[in-house]
Amino acid sequence: MSTSTINIKEEELSDGKDDIRANNVDVEQSKRGKKRKKGKRGKKIPERCDFKLKAAIKEDHGKPLFGVQFNPYCGMGPDAQQVFATVGGNRVSIYECNPTGELTVLQAYVDPEADEEYYTCAWTYDMETKDPLLAFAGRQGIIRTISPTNFHQTSTLIGHGQAVNELRFSPVYPNILLSASADHAIRLWNLKTKVCVLILGGEKGHRDEVLSVDFNATATKIVSCGMDHSLKIWSLDTEAIQNAIKKSDSYDPSCGKSFRAIILHAPMFSTCAVHRNYVDCTRWIGDLVLSKSTDSKIVCWKPGGEPHLVFNDEKKSNYLGDPVTIVNRHEYAGCEIWYVRFCTDARFTKMAVGNQEGKVFIWDLETSAPNSKPSRQTLESRYCVAAVRQTSFNADGTILVLVCDDGSVWRWDLAQ
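### A closer look at the packing of aromatic side chains
The final tally for this structure, using the stated rule, is 15 aromatic pairs. Between tyrosine 119 and tyrosine 339 the ring centres are 6.1 Å apart and the planes differ by 70°, which places this aromatic pair in the edge-to-face class. Of the two residues, tyrosine 119 sits in strand β7 (residues 118-125) while tyrosine 339 sits in the loop between β25 (324-331) and β26 (343-344), which places them 220 residues apart along the sequence. Residue class for tyrosine 119 comes out buried when judged on its relative accessible area of 14%.

Below, the structure written as structure tokens:
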């Protein structure tokens, strides 16, 4: 694999005064295409940048990079190895963030099928050897896992009928993997025995592509979202499901009997009251949920509250599902495309998302009071102009990496 370094002027890497800036701005933005009215005193002076651009490279395959994930098990602190993976085209690349601020390519995996296009990746580890494992999937719906330590593929999971849009590992059971698919279903897998344990979908499931999924901290609930504008919460805390997960751990493929997956048709909660368009990313944050749509807005909400009714032109009400309570709205600008995913750091103190103009917006979640207008920072560079598809913080939130539609990878470090 070869990459090209993006030539950035030295002054941009050092002081960040000109085209790289982090501004605290109001969340109210004018609509795209319209000029913003200037105040009497003119343009607001940018405040000092919290993050500094350290490095940027471009992969040579010429395809968009759709996913990026730091390995969360590398540890924290200055001596921890900072490793992340990117996916795009039929390639998976693994990088290291050097202490000197550079990006180094460690490994690359190229799928033998030239028309494969990977959309998502996720890290876990082998419970026996503690070696890191990387799972990835995309257009063909096949989930693969590799061991970067041993340089070989460890498993192939086949079951989805269409593309896999997102992968998430359980925070409690490292072998348990969630996959969200364009076939309207969510599957729960056991990597150890390579079996599908649970299928979520059906009569009351998603009615279009499932774009994003996430476990809560105790792995007892799943939140999912998709093209049907809905958000659904599924319970894993039942005797039947917990027993199936335990049995999948001890399943022996040589027994001659196939493992029978449980099918869960109905979620415990479902709503369309939060967003009015594709919902392409969702994450748990404690008992609250963060979700994003194509309206340049990330909403923090929780189940419960007053019922939501919308009246159409004939003044007939449409029920939008189970009630929700909106805690906060994190607004930004310039992102009307779908499949742009946000991230939080491990402690849920920061959140970052990109837009289609190459900008990245960061919020401090610790200081965002309920029902207030959260302040944010905007990271931008004159050299980063392609759509930012995904962002990822390292374990302690000191490094932010983002990937773009032009195949570029960008590293921003928290200023000391």
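### Looking at the side chain of threonine 294
Among the secondary structure elements, threonine 294 is positioned in the loop between β21 (288-293) and β22 (297-303). In this structure threonine 294 comes out as buried when scored by relative accessible area, which is 12%. Reaching out from threonine 294, the side chain makes a polar contact with the side chain of asparagine 277 at a distance of 3.3 Å.

### Quick word on the sheet that holds strand β15 (residues 210-215)
If you trace the four strands from one edge of the open sheet to the other, you get β15-β16-β17-β19, paired in antiparallel fashion. Each of the sheet's edge strands pairs with one partner strand only, and the pair in question is β15 and β19 (269-271). Neighbour to neighbour, the strand axes of the sheet diverge by 15° on average, direction disregarded. Both strand β17 (residues 231-235) and β19 contribute to a ladder of three bridges, which runs antiparallel. Residue pairing for β19: leucine 231 is matched across the bridge by threonine 271.

Reading guide: rules and limits
Residues numbered from 1 in each chain as written. Predicted model: local features only at pLDDT ≥ 70, side-chain atom pairs only at ≥ 80, totals over all residues. Heavy atoms only, no water. Phe/Tyr/Trp six-rings, centres within 6.5 Å; stacked < 30°, edge-to-face > 60°. Helix = DSSP H or I, 4+ residues; strand = E, 2+ residues; numbered from the N terminus. Buried < 20%, exposed > 50% of the residue type's maximum accessible area, 1.4 Å probe, protein only. Polar contact = N/O pair within 3.5 Å; in protein donor to acceptor, adjacent residues only side chain to side chain. Pairing = 2+ DSSP bridges. Axes fitted to C-alpha atoms, helices over the stretch in contact; angles between N-to-C directions.

Any functional reading would require information that these geometric values do not contain.
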